[in-house]
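Okay, here's what each chain looks like letter by letter:
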Amino acid sequence: MEVSYNLRYKKSNFSNKLLIDKEGEVIIYSKGFRLKGKGAADKGELINFSEIKEFYYRDEEIIFVTFNKEKYVLCDSGSMFNNLLVDIYKARNEFLVDALFMKGGKLKAEFEGEFQRLSKFAKLINKGKAKFKLYEKGIVIVPETQDAFSLHYDFVNFHEFDEMEYSLKIVMDDGVNVFFSKLGNDFEFFQERLNELLGGMYETLVNETFREAFGYFNAVTLLKLAYKMRGGKGVSLKDIKKMDADLAKEVEEFIFKDEIAKEKLSYLAGMTDEYSTFYGIAKDKTVEGSFIKWVMYAIPAKNTVAISILPRWVEGQGENTEQHETYFYKIIIEQGDPAQKVEDKIQEMNQALLVLNFAKDPCYKDKRELKHSPYQYAIRKLPYLRILRKSFVGKVASADVKEWKKQVDEILPKAILK
(Lines give C-alpha, C1' and ligand atoms only; values in the text may rest on other atoms or scores of the structure.)
Protein backbone atom coordinates (compact mmCIF):
# COMPACT_ATOMS: atom_id res chain seq x y z
CA MET A 1 0.00 0.00 0.00
CA GLU A 2 1.32 3.45 -0.93
CA VAL A 3 -0.94 6.47 -1.44
CA SER A 4 -0.36 10.19 -0.97
CA TYR A 5 -2.45 13.27 -0.13
CA ASN A 6 -1.71 16.99 -0.24
CA LEU A 7 -2.20 18.75 3.08
CA ARG A 8 -0.67 20.97 5.73
CA TYR A 9 1.05 19.55 8.78
CA LYS A 10 2.27 20.96 12.06
CA LYS A 11 4.68 19.56 14.61
CA SER A 12 5.15 20.72 18.19
CA ASN A 13 7.16 19.43 21.15
CA PHE A 14 6.04 18.26 24.62
CA SER A 15 5.85 21.88 25.85
CA ASN A 16 3.58 22.75 22.89
CA LYS A 17 6.20 24.84 21.11
CA LEU A 18 5.55 24.87 17.35
CA LEU A 19 8.51 23.36 15.48
CA ILE A 20 7.13 22.87 11.96
CA ASP A 21 4.20 24.35 10.05
CA LYS A 22 4.30 23.70 6.31
CA GLU A 23 2.33 22.71 3.25
CA GLY A 24 3.24 19.39 1.72
CA GLU A 25 2.00 15.85 1.55
CA VAL A 26 1.58 12.63 3.48
CA ILE A 27 2.67 9.37 1.86
CA ILE A 28 1.05 6.34 3.52
CA TYR A 29 2.89 3.01 3.65
CA SER A 30 2.00 -0.32 5.25
CA LYS A 31 4.05 0.33 8.41
CA GLY A 32 3.70 4.10 8.72
CA PHE A 33 3.81 7.29 6.68
CA ARG A 34 6.11 10.09 5.56
CA LEU A 35 5.39 13.80 6.04
CA LYS A 36 7.25 16.12 3.70
CA GLY A 37 7.05 19.69 2.51
CA LYS A 38 6.87 20.90 -1.06
CA GLY A 39 9.95 20.60 -3.21
CA ALA A 40 12.25 17.72 -4.10
CA ALA A 41 14.85 18.84 -1.58
CA ASP A 42 12.50 18.25 1.35
CA LYS A 43 12.93 14.62 2.41
CA GLY A 44 10.50 15.06 5.30
CA GLU A 45 10.33 12.59 8.16
CA LEU A 46 9.21 8.98 8.30
CA ILE A 47 6.90 8.06 11.17
CA ASN A 48 6.32 4.41 11.94
CA PHE A 49 3.01 3.38 13.48
CA SER A 50 5.06 1.75 16.25
CA GLU A 51 6.18 5.25 17.35
CA ILE A 52 2.62 6.54 17.86
CA LYS A 53 1.18 6.58 21.37
CA GLU A 54 -2.15 8.36 20.69
CA PHE A 55 -4.02 8.70 17.39
CA TYR A 56 -7.38 10.41 16.81
CA TYR A 57 -9.21 12.94 14.63
CA ARG A 58 -11.63 15.85 15.04
CA ASP A 59 -12.89 18.76 12.90
CA GLU A 60 -11.14 17.45 9.78
CA GLU A 61 -7.79 17.26 11.55
CA ILE A 62 -5.83 14.10 12.26
CA ILE A 63 -3.86 14.37 15.49
CA PHE A 64 -1.28 12.02 16.89
CA VAL A 65 1.31 12.02 19.66
CA THR A 66 4.47 9.91 19.62
CA PHE A 67 6.06 8.10 22.54
CA ASN A 68 8.70 10.86 22.41
CA LYS A 69 5.89 13.34 23.25
CA GLU A 70 5.95 15.07 19.87
CA LYS A 71 2.54 16.19 18.61
CA TYR A 72 1.53 16.30 14.95
CA VAL A 73 -1.58 17.78 13.32
CA LEU A 74 -2.52 16.92 9.72
CA CYS A 75 -5.00 19.43 8.29
CA ASP A 76 -6.20 21.32 5.21
CA SER A 77 -6.68 18.21 3.07
CA GLY A 78 -9.92 19.68 1.69
CA SER A 79 -12.46 17.42 0.08
CA MET A 80 -10.08 14.46 0.35
CA PHE A 81 -10.18 14.35 4.16
CA ASN A 82 -12.51 11.34 4.38
CA ASN A 83 -10.44 9.38 1.85
CA LEU A 84 -7.28 10.27 3.76
CA LEU A 85 -8.86 9.16 7.04
CA VAL A 86 -9.97 5.80 5.63
CA ASP A 87 -6.59 5.08 4.03
CA ILE A 88 -4.52 6.02 7.05
CA TYR A 89 -6.72 3.94 9.37
CA LYS A 90 -6.60 1.02 6.95
CA ALA A 91 -2.80 0.99 7.11
CA ARG A 92 -2.73 1.63 10.86
CA ASN A 93 -5.21 -1.17 11.57
CA GLU A 94 -3.22 -3.67 9.53
CA PHE A 95 -0.26 -2.75 11.73
CA LEU A 96 -2.27 -3.00 14.97
CA VAL A 97 -3.69 -6.42 14.11
CA ASP A 98 -0.15 -7.82 13.81
CA ALA A 99 1.61 -5.77 16.50
CA LEU A 100 -1.02 -6.50 19.17
CA PHE A 101 -1.30 -10.21 18.32
CA MET A 102 -4.98 -10.06 17.34
CA LYS A 103 -4.80 -12.83 14.77
CA GLY A 104 -5.24 -16.36 16.05
CA GLY A 105 -4.73 -19.12 13.54
CA LYS A 106 -6.11 -18.96 10.02
CA LEU A 107 -8.68 -16.48 8.71
CA LYS A 108 -11.92 -18.42 8.23
CA ALA A 109 -14.47 -15.81 7.11
CA GLU A 110 -15.03 -12.07 6.79
CA PHE A 111 -18.25 -10.04 7.17
CA GLU A 112 -19.40 -6.44 7.31
CA GLY A 113 -21.86 -4.90 9.72
CA GLU A 114 -22.15 -2.64 12.74
CA PHE A 115 -20.85 -3.05 16.28
CA GLN A 116 -21.32 -1.46 19.66
CA ARG A 117 -18.86 -2.00 22.53
CA LEU A 118 -19.78 -1.27 26.16
CA SER A 119 -17.65 -1.42 29.31
CA LYS A 120 -18.63 -3.63 32.26
CA PHE A 121 -20.28 -0.51 33.70
CA ALA A 122 -22.46 -0.21 30.54
CA LYS A 123 -20.54 2.86 29.36
CA LEU A 124 -20.15 3.18 25.58
CA ILE A 125 -16.56 2.60 24.46
CA ASN A 126 -17.13 2.88 20.71
CA LYS A 127 -19.47 1.89 17.89
CA GLY A 128 -19.75 2.06 14.12
CA LYS A 129 -19.41 0.15 10.88
CA ALA A 130 -16.68 -2.43 10.62
CA LYS A 131 -15.37 -5.59 9.05
CA PHE A 132 -15.61 -8.68 11.25
CA LYS A 133 -12.77 -11.12 10.58
CA LEU A 134 -13.31 -14.58 12.03
CA TYR A 135 -10.08 -16.37 12.83
CA GLU A 136 -9.65 -19.80 14.37
CA LYS A 137 -9.04 -18.30 17.81
CA GLY A 138 -10.93 -15.02 17.80
CA ILE A 139 -12.81 -12.21 16.08
CA VAL A 140 -10.97 -9.13 14.84
CA ILE A 141 -13.17 -6.04 14.50
CA VAL A 142 -11.78 -3.53 11.99
CA PRO A 143 -13.69 -0.22 11.80
CA GLU A 144 -13.14 2.14 8.87
CA THR A 145 -12.05 5.11 10.98
CA GLN A 146 -11.30 3.70 14.44
CA ASP A 147 -8.68 1.42 15.89
CA ALA A 148 -9.11 -2.32 15.36
CA PHE A 149 -9.65 -4.58 18.37
CA SER A 150 -10.15 -8.30 18.94
CA LEU A 151 -12.19 -10.74 21.00
CA HIS A 152 -10.24 -13.86 21.92
CA TYR A 153 -12.52 -16.92 22.10
CA ASP A 154 -10.73 -18.15 25.23
CA PHE A 155 -12.08 -15.10 27.09
CA VAL A 156 -15.66 -15.21 25.81
CA ASN A 157 -17.86 -15.71 28.87
CA PHE A 158 -21.20 -15.80 27.05
CA HIS A 159 -22.58 -15.37 23.56
CA GLU A 160 -26.15 -15.32 22.25
CA PHE A 161 -27.67 -14.86 18.81
CA ASP A 162 -31.00 -13.05 18.57
CA GLU A 163 -32.61 -14.47 15.44
CA MET A 164 -35.52 -12.03 15.67
CA GLU A 165 -33.22 -8.98 15.71
CA TYR A 166 -30.49 -10.56 13.54
CA SER A 167 -27.86 -9.67 16.10
CA LEU A 168 -25.21 -11.21 18.33
CA LYS A 169 -24.26 -10.34 21.90
CA ILE A 170 -20.87 -11.36 23.31
CA VAL A 171 -19.91 -10.89 26.96
CA MET A 172 -16.21 -11.17 27.77
CA ASP A 173 -14.64 -12.41 31.01
CA ASP A 174 -13.74 -8.82 31.95
CA GLY A 175 -17.39 -7.72 31.64
CA VAL A 176 -17.10 -5.93 28.27
CA ASN A 177 -20.20 -6.37 26.07
CA VAL A 178 -20.00 -6.31 22.27
CA PHE A 179 -23.08 -6.29 20.02
CA PHE A 180 -22.97 -7.20 16.31
CA SER A 181 -25.78 -6.20 13.95
CA LYS A 182 -26.71 -5.08 10.39
CA LEU A 183 -25.12 -8.14 8.81
CA GLY A 184 -27.92 -8.31 6.25
CA ASN A 185 -28.18 -11.50 4.24
CA ASP A 186 -24.92 -12.75 5.77
CA PHE A 187 -26.37 -13.10 9.28
CA GLU A 188 -27.11 -16.85 9.07
CA PHE A 189 -23.72 -17.61 7.55
CA PHE A 190 -22.04 -15.46 10.25
CA GLN A 191 -23.95 -17.40 12.94
CA GLU A 192 -23.05 -20.73 11.38
CA ARG A 193 -19.34 -19.94 11.02
CA LEU A 194 -18.95 -18.54 14.54
CA ASN A 195 -20.73 -21.52 16.11
CA GLU A 196 -18.50 -23.84 14.09
CA LEU A 197 -15.36 -22.08 15.33
CA LEU A 198 -16.45 -22.03 18.98
CA GLY A 199 -17.60 -25.66 18.82
CA GLY A 200 -14.41 -26.66 17.06
CA MET A 201 -12.37 -25.03 19.78
CA TYR A 202 -13.96 -27.22 22.47
CA GLU A 203 -13.75 -30.33 20.30
CA THR A 204 -10.04 -29.73 19.73
CA LEU A 205 -9.39 -29.16 23.43
CA VAL A 206 -11.19 -32.32 24.46
CA ASN A 207 -9.81 -34.58 21.73
CA GLU A 208 -6.26 -33.26 21.31
CA THR A 209 -5.40 -32.07 24.81
CA PHE A 210 -7.52 -33.44 27.63
CA ARG A 211 -8.40 -36.84 26.16
CA GLU A 212 -4.71 -37.49 25.62
CA ALA A 213 -3.89 -36.47 29.19
CA PHE A 214 -7.02 -37.70 31.01
CA GLY A 215 -8.67 -40.09 28.54
CA TYR A 216 -10.20 -42.33 31.20
CA PHE A 217 -12.65 -39.58 32.26
CA ASN A 218 -15.97 -39.24 30.43
CA ALA A 219 -16.56 -36.67 27.72
CA VAL A 220 -18.90 -34.52 29.87
CA THR A 221 -16.22 -34.08 32.57
CA LEU A 222 -13.55 -33.28 29.99
CA LEU A 223 -15.87 -30.77 28.33
CA LYS A 224 -16.34 -28.99 31.68
CA LEU A 225 -12.56 -28.81 32.06
CA ALA A 226 -12.20 -27.56 28.48
CA TYR A 227 -14.71 -24.75 29.14
CA LYS A 228 -12.77 -23.54 32.18
CA MET A 229 -9.26 -24.15 30.85
CA ARG A 230 -9.71 -22.82 27.30
CA GLY A 231 -6.35 -22.20 25.66
CA GLY A 232 -4.55 -23.25 28.83
CA LYS A 233 -6.09 -20.66 31.17
CA GLY A 234 -5.26 -21.02 34.85
CA VAL A 235 -8.16 -22.66 36.73
CA SER A 236 -8.39 -22.87 40.52
CA LEU A 237 -7.90 -26.26 42.15
CA LYS A 238 -11.25 -25.71 43.89
CA ASP A 239 -13.07 -25.34 40.55
CA ILE A 240 -11.48 -28.54 39.23
CA LYS A 241 -12.50 -30.42 42.38
CA LYS A 242 -16.09 -29.25 41.85
CA MET A 243 -16.03 -30.93 38.43
CA ASP A 244 -14.57 -34.17 39.72
CA ALA A 245 -12.35 -34.83 42.79
CA ASP A 246 -10.50 -37.63 41.00
CA LEU A 247 -9.86 -35.35 38.02
CA ALA A 248 -8.29 -32.77 40.36
CA LYS A 249 -5.86 -35.42 41.65
CA GLU A 250 -4.99 -36.47 38.10
CA VAL A 251 -4.44 -32.86 37.02
CA GLU A 252 -1.99 -32.36 39.90
CA GLU A 253 -0.14 -35.56 39.07
CA PHE A 254 0.02 -34.55 35.42
CA ILE A 255 1.28 -31.06 36.28
CA PHE A 256 3.96 -32.29 38.68
CA LYS A 257 5.61 -35.14 36.81
CA ASP A 258 8.86 -33.28 37.42
CA GLU A 259 9.64 -34.18 41.05
CA ILE A 260 12.15 -31.37 41.58
CA ALA A 261 9.64 -28.76 40.41
CA LYS A 262 7.03 -30.34 42.67
CA GLU A 263 9.33 -30.14 45.71
CA LYS A 264 10.14 -26.49 45.02
CA LEU A 265 6.60 -25.34 44.40
CA SER A 266 5.21 -27.22 47.39
CA TYR A 267 6.88 -24.45 49.41
CA LEU A 268 4.54 -21.88 47.83
CA ALA A 269 1.60 -24.29 47.93
CA GLY A 270 2.02 -24.41 51.70
CA MET A 271 1.27 -20.68 51.85
CA THR A 272 -2.03 -20.92 50.00
CA ASP A 273 -5.17 -23.09 49.59
CA GLU A 274 -7.27 -24.75 46.86
CA TYR A 275 -9.08 -21.48 46.12
CA SER A 276 -5.81 -19.69 45.44
CA THR A 277 -3.93 -22.42 43.57
CA PHE A 278 -4.34 -22.33 39.79
CA TYR A 279 -3.32 -24.86 37.13
CA GLY A 280 -3.10 -24.43 33.36
CA ILE A 281 -2.48 -27.05 30.66
CA ALA A 282 -2.15 -26.44 26.92
CA LYS A 283 -0.94 -28.50 24.00
CA ASP A 284 2.57 -27.43 22.97
CA LYS A 285 2.40 -27.24 19.20
CA THR A 286 6.17 -26.70 18.85
CA VAL A 287 7.13 -30.16 20.14
CA GLU A 288 5.27 -33.37 19.28
CA GLY A 289 3.68 -35.00 22.32
CA SER A 290 4.53 -32.08 24.58
CA PHE A 291 2.38 -29.95 26.90
CA ILE A 292 2.72 -26.47 28.37
CA LYS A 293 2.00 -26.77 32.10
CA TRP A 294 1.96 -23.87 34.51
CA VAL A 295 0.92 -23.01 38.04
CA MET A 296 -0.06 -19.86 39.91
CA TYR A 297 -0.19 -19.29 43.63
CA ALA A 298 -2.07 -16.27 44.95
CA ILE A 299 -0.76 -15.27 48.40
CA PRO A 300 -2.72 -12.16 49.49
CA ALA A 301 -1.00 -12.09 52.90
CA LYS A 302 2.24 -11.43 51.03
CA ASN A 303 0.54 -9.25 48.37
CA THR A 304 1.91 -11.68 45.83
CA VAL A 305 1.00 -13.94 42.94
CA ALA A 306 3.73 -16.35 41.88
CA ILE A 307 3.72 -18.03 38.50
CA SER A 308 5.85 -20.83 37.14
CA ILE A 309 5.83 -22.43 33.69
CA LEU A 310 7.16 -25.91 34.37
CA PRO A 311 9.92 -27.67 32.41
CA ARG A 312 8.62 -29.16 29.17
CA TRP A 313 7.52 -32.76 29.56
CA VAL A 314 7.44 -35.00 26.48
CA GLU A 315 5.49 -38.22 26.92
CA GLY A 316 7.68 -41.29 26.54
CA GLN A 317 10.94 -39.36 26.97
CA GLY A 318 10.96 -38.98 30.75
CA GLU A 319 11.83 -35.91 32.80
CA ASN A 320 13.29 -32.80 31.26
CA THR A 321 16.03 -31.27 33.41
CA GLU A 322 15.50 -27.81 31.93
CA GLN A 323 15.68 -25.24 34.73
CA HIS A 324 12.42 -23.41 35.26
CA GLU A 325 11.92 -19.96 36.73
CA THR A 326 9.27 -18.63 39.09
CA TYR A 327 8.05 -15.04 38.67
CA PHE A 328 6.58 -12.90 41.43
CA TYR A 329 4.09 -10.04 40.95
CA LYS A 330 2.40 -7.64 43.33
CA ILE A 331 -1.34 -8.14 43.50
CA ILE A 332 -1.91 -4.40 43.83
CA ILE A 333 0.59 -1.61 43.43
CA GLU A 334 -0.44 1.14 45.85
CA GLN A 335 -2.97 0.39 48.56
CA GLY A 336 -6.08 -1.61 49.46
CA ASP A 337 -6.91 -5.21 50.29
CA PRO A 338 -4.89 -7.62 48.10
CA ALA A 339 -7.48 -10.40 48.56
CA GLN A 340 -10.05 -8.33 46.64
CA LYS A 341 -7.70 -7.94 43.66
CA VAL A 342 -6.61 -11.55 43.20
CA GLU A 343 -9.15 -12.18 40.44
CA ASP A 344 -7.91 -9.16 38.46
CA LYS A 345 -4.29 -10.30 38.72
CA ILE A 346 -5.15 -13.85 37.61
CA GLN A 347 -7.03 -12.40 34.64
CA GLU A 348 -4.03 -10.22 33.69
CA MET A 349 -1.75 -13.25 33.73
CA ASN A 350 -4.17 -15.41 31.75
CA GLN A 351 -4.55 -12.73 29.08
CA ALA A 352 -0.84 -12.05 28.78
CA LEU A 353 0.18 -15.70 28.54
CA LEU A 354 -2.56 -16.86 26.18
CA VAL A 355 -2.51 -13.90 23.79
CA LEU A 356 1.31 -13.96 23.61
CA ASN A 357 1.41 -17.75 23.34
CA PHE A 358 3.12 -18.29 26.72
CA ALA A 359 6.08 -16.04 25.95
CA LYS A 360 7.68 -15.06 29.26
CA ASP A 361 10.00 -12.24 28.17
CA PRO A 362 7.30 -9.58 27.54
CA CYS A 363 5.81 -10.27 30.99
CA TYR A 364 8.80 -8.98 32.88
CA LYS A 365 11.89 -7.94 30.87
CA ASP A 366 12.96 -4.29 30.67
CA LYS A 367 11.60 -2.59 27.55
CA ARG A 368 15.17 -1.83 26.45
CA GLU A 369 15.82 -5.56 26.22
CA LEU A 370 12.71 -5.91 24.06
CA LYS A 371 13.50 -2.96 21.80
CA HIS A 372 13.89 -5.12 18.69
CA SER A 373 11.47 -7.88 19.67
CA PRO A 374 7.99 -8.49 18.20
CA TYR A 375 6.57 -7.50 21.62
CA GLN A 376 7.84 -3.90 21.52
CA TYR A 377 4.49 -2.29 20.73
CA ALA A 378 2.41 -4.76 22.76
CA ILE A 379 4.23 -3.92 26.01
CA ARG A 380 3.36 -0.27 25.45
CA LYS A 381 -0.27 -0.61 24.39
CA LEU A 382 -1.90 -3.74 25.86
CA PRO A 383 -3.40 -2.54 29.19
CA TYR A 384 -3.28 -5.88 30.99
CA LEU A 385 0.34 -6.43 29.93
CA ARG A 386 1.38 -2.95 31.05
CA ILE A 387 -0.19 -3.47 34.50
CA LEU A 388 1.35 -6.92 34.83
CA ARG A 389 4.82 -5.64 33.92
CA LYS A 390 4.51 -2.72 36.31
CA SER A 391 3.67 -5.11 39.15
CA PHE A 392 6.68 -7.38 38.56
CA VAL A 393 8.77 -7.91 41.70
CA GLY A 394 11.42 -10.38 40.60
CA LYS A 395 12.16 -13.97 39.64
CA VAL A 396 13.61 -16.99 41.39
CA ALA A 397 15.75 -19.50 39.51
CA SER A 398 17.95 -22.25 40.90
CA ALA A 399 18.34 -25.96 40.22
CA ASP A 400 19.01 -26.49 43.93
CA VAL A 401 15.84 -26.72 46.05
CA LYS A 402 17.34 -25.11 49.18
CA GLU A 403 18.76 -22.19 47.20
CA TRP A 404 15.43 -21.77 45.40
CA LYS A 405 13.54 -21.54 48.72
CA LYS A 406 16.12 -19.07 50.05
CA GLN A 407 15.55 -16.83 47.03
CA VAL A 408 11.78 -17.02 47.59
CA ASP A 409 12.23 -15.90 51.21
CA GLU A 410 14.29 -12.95 50.00
CA ILE A 411 11.85 -11.85 47.32
CA LEU A 412 8.49 -12.14 49.15
CA PRO A 413 9.06 -9.14 51.49
CA LYS A 414 9.66 -6.90 48.46
CA ALA A 415 6.01 -7.28 47.42
CA ILE A 416 4.40 -6.53 50.79
CA LEU A 417 2.61 -3.19 51.02
CA LYS A 418 4.29 -0.68 53.29
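Up top you'll find the structure we're talking about.
Predicted model only: the values in this text are computed from it and were never measured. (Residues numbered from 1 in each chain as written. Predicted model: local features only at pLDDT ≥ 70, side-chain atom pairs only at ≥ 80, totals over all residues. Heavy atoms only, no water.)

Side note on the sheet that holds strand S8 (residues 107–118)
Strand order in the open sheet made by the seven strands is S11-S10-S9-S8-S14-S13-S12, with antiparallel pairing throughout. Here the strands that pair on one side only, and so sit at the sheet edges, are strand S11 (149–152) and strand S12 (156–162). On average, adjacent strands in this sheet sit at an angle of 30° to one another, irrespective of strand direction. Examined bridge by bridge, strand S10 (residues 138–143) and S11 share four bridges and lie antiparallel to one another. Among the inter-strand pairings, Gly138 is bridged to a residue of S11, identified as His152. (Pairing = 2+ DSSP bridges. Helix = DSSP H or I, 4+ residues; strand = E, 2+ residues; numbered from the N terminus. Axes fitted to C-alpha atoms, helices over the stretch in contact; angles between N-to-C directions.)

Regarding the pattern of salt bridges
In the structure shown here, the tally under the stated rule is 20 salt bridges. In this structure, Glu212 and Lys283 form a salt bridge, with 2.5 Å as the shortest nitrogen-oxygen distance. You can see Glu212 sitting in helix H2 (residues 187–214) and its partner Lys283 sitting in strand S16 (residues 277–284), a full 71 residues away along the chain. For Glu212, a relative accessible area of 43% gives the class partly exposed. Taking relative accessible area as the criterion, Lys283 reaches 25% and is therefore assigned partly exposed. Here the residues in one salt-bridge network are Arg8, Asp21, Glu23 and Lys38, joined through shared partners. (Salt bridge = Lys/Arg side-chain N within 4 Å of Asp/Glu carboxyl O. Buried < 20%, exposed > 50% of the residue type's maximum accessible area, 1.4 Å probe, protein only.)

Some remarks on the environment of Thr145
By secondary structure assignment, the location of Thr145 is in the loop between S10 and S11. Along the sequence, Thr145 and Asn157 sit 12 residues apart, while their C-alpha atoms lie 28 Å from each other. A distance of 3.4 Å separates polar atoms of two side chains, one belonging to Thr145 and the other to Tyr57. (Polar contact = N/O pair within 3.5 Å; in protein donor to acceptor, adjacent residues only side chain to side chain.)

A look at the nonpolar core
Within the largest apolar cluster, 130 residues are counted, with the highest numbers of intra-cluster contacts made by Phe33, Phe132, Leu134, Phe180 and Phe214. Ranked by residues supplied to this core, first place goes to H2 with 12 residues. The residues contacting Phe33, other than those within four sequence positions of it, are Val26, Ile27, Ile28, Glu45, Leu46, Ile47, Phe49, Ile52, Phe64 and Ile88. (Core = buried A, V, L, I, M, F, W, Y, C linked by side-chain atoms within 4.5 Å. Contact = heavy atoms within 4.5 Å.)

Quick notes on the environment of Tyr279
Among the secondary structure elements, Tyr279 is positioned in strand S16. It is 7.8 Å that separates the C-alpha atoms of Tyr279 and Lys233, two residues lying 46 residues apart in sequence. Those residues in contact with Tyr279 that sit more than four places away from it in its chain are Met229, Lys233, Gly234, Val235, Leu237, Ile240, Val251, Glu252, Ile255, Phe256, Trp294 and Val295. Within polar-contact distance, the side chain of Tyr279 engages the side chain of Glu252 at 2.6 Å.

Here's the deal with the environment of Lys182
Structurally, Lys182 can be placed in the loop between strand S14 (177–181) and H2. Residue classification places Lys182 among the exposed residues on the basis of a relative accessible area of 58%. Spatially, the C-alpha atoms of Lys182 and Tyr5 are 32 Å apart, while their sequence positions differ by 177 residues. Non-local contacts of Lys182, meaning those with residues more than four positions away in its chain, are made with Glu112, Gly113, Glu114 and Tyr166.

Some words on unusual backbone geometry
One non-glycine residue, Asp59, adopts positive backbone phi at about 50°. By the element assignment, Asp59 lies in the loop between strand S5 (52–58) and strand S6 (61–66). Its identity is not glycine, yet Glu60 carries a phi of approximately 60°, on the positive side. With respect to the helices, strands and loops of the structure, Glu60 is situated in the loop between S5 and S6.

What to know about the packing of helix H7 (residues 342–355) against helix H9 (residues 383–390)
At their nearest, the axes of H7 and H9 sit 9 Å apart, and the two run at 115° to each other. Put simply, H7 runs roughly perpendicular to H9. By crossing handedness, the relation of H7 to H9 is classed as left-handed. Of the residues in H9, those touching H7 at Lys345, Glu348, Met349, Gln351, Ala352 and Val355 are Tyr384, Leu385, Ile387 and Leu388. Across the contact of H7 with H9, the residue classes break down as seven nonpolar, one polar and two charged. (Parallel < 35°, antiparallel > 145°, perpendicular 65-115°, else oblique. Left-handed = near helix turned anticlockwise from the far one by under 90°. Nonpolar A, V, L, I, M, F, W, Y, C, P; charged D, E, K, R; others polar.)

Regarding the packing of aromatic side chains
Scanning all chains against the criterion turns up 28 aromatic pairs. Centre to centre, the rings of Tyr364 and Phe392 are 5.3 Å apart; their planes meet at 45°, and the pair counts as tilted. Of this pair, Tyr364 sits in the loop between H7 and helix H8 (378–381) while Phe392 sits in strand S21 (residues 392–396), and the two are 28 residues apart along the sequence. For Phe392, a relative accessible area of 24% gives the class partly exposed. One aromatic cluster is present, built from ring pairs that chain together Phe33, Phe49, Phe55, Tyr57, Phe64, Phe67, Tyr72, Tyr89, Phe95 and Tyr377. Stacked on the ring of Phe254, the Lys or Arg Lys293 has its end atom at 4.9 Å from the ring centre. Note that Arg380 overlies the ring of Phe67, its terminal NZ or CZ placed 4.0 Å from the centroid. (Phe/Tyr/Trp six-rings, centres within 6.5 Å; stacked < 30°, edge-to-face > 60°. Lys NZ or Arg CZ within 6 Å of the ring centre and 35° of its normal.)

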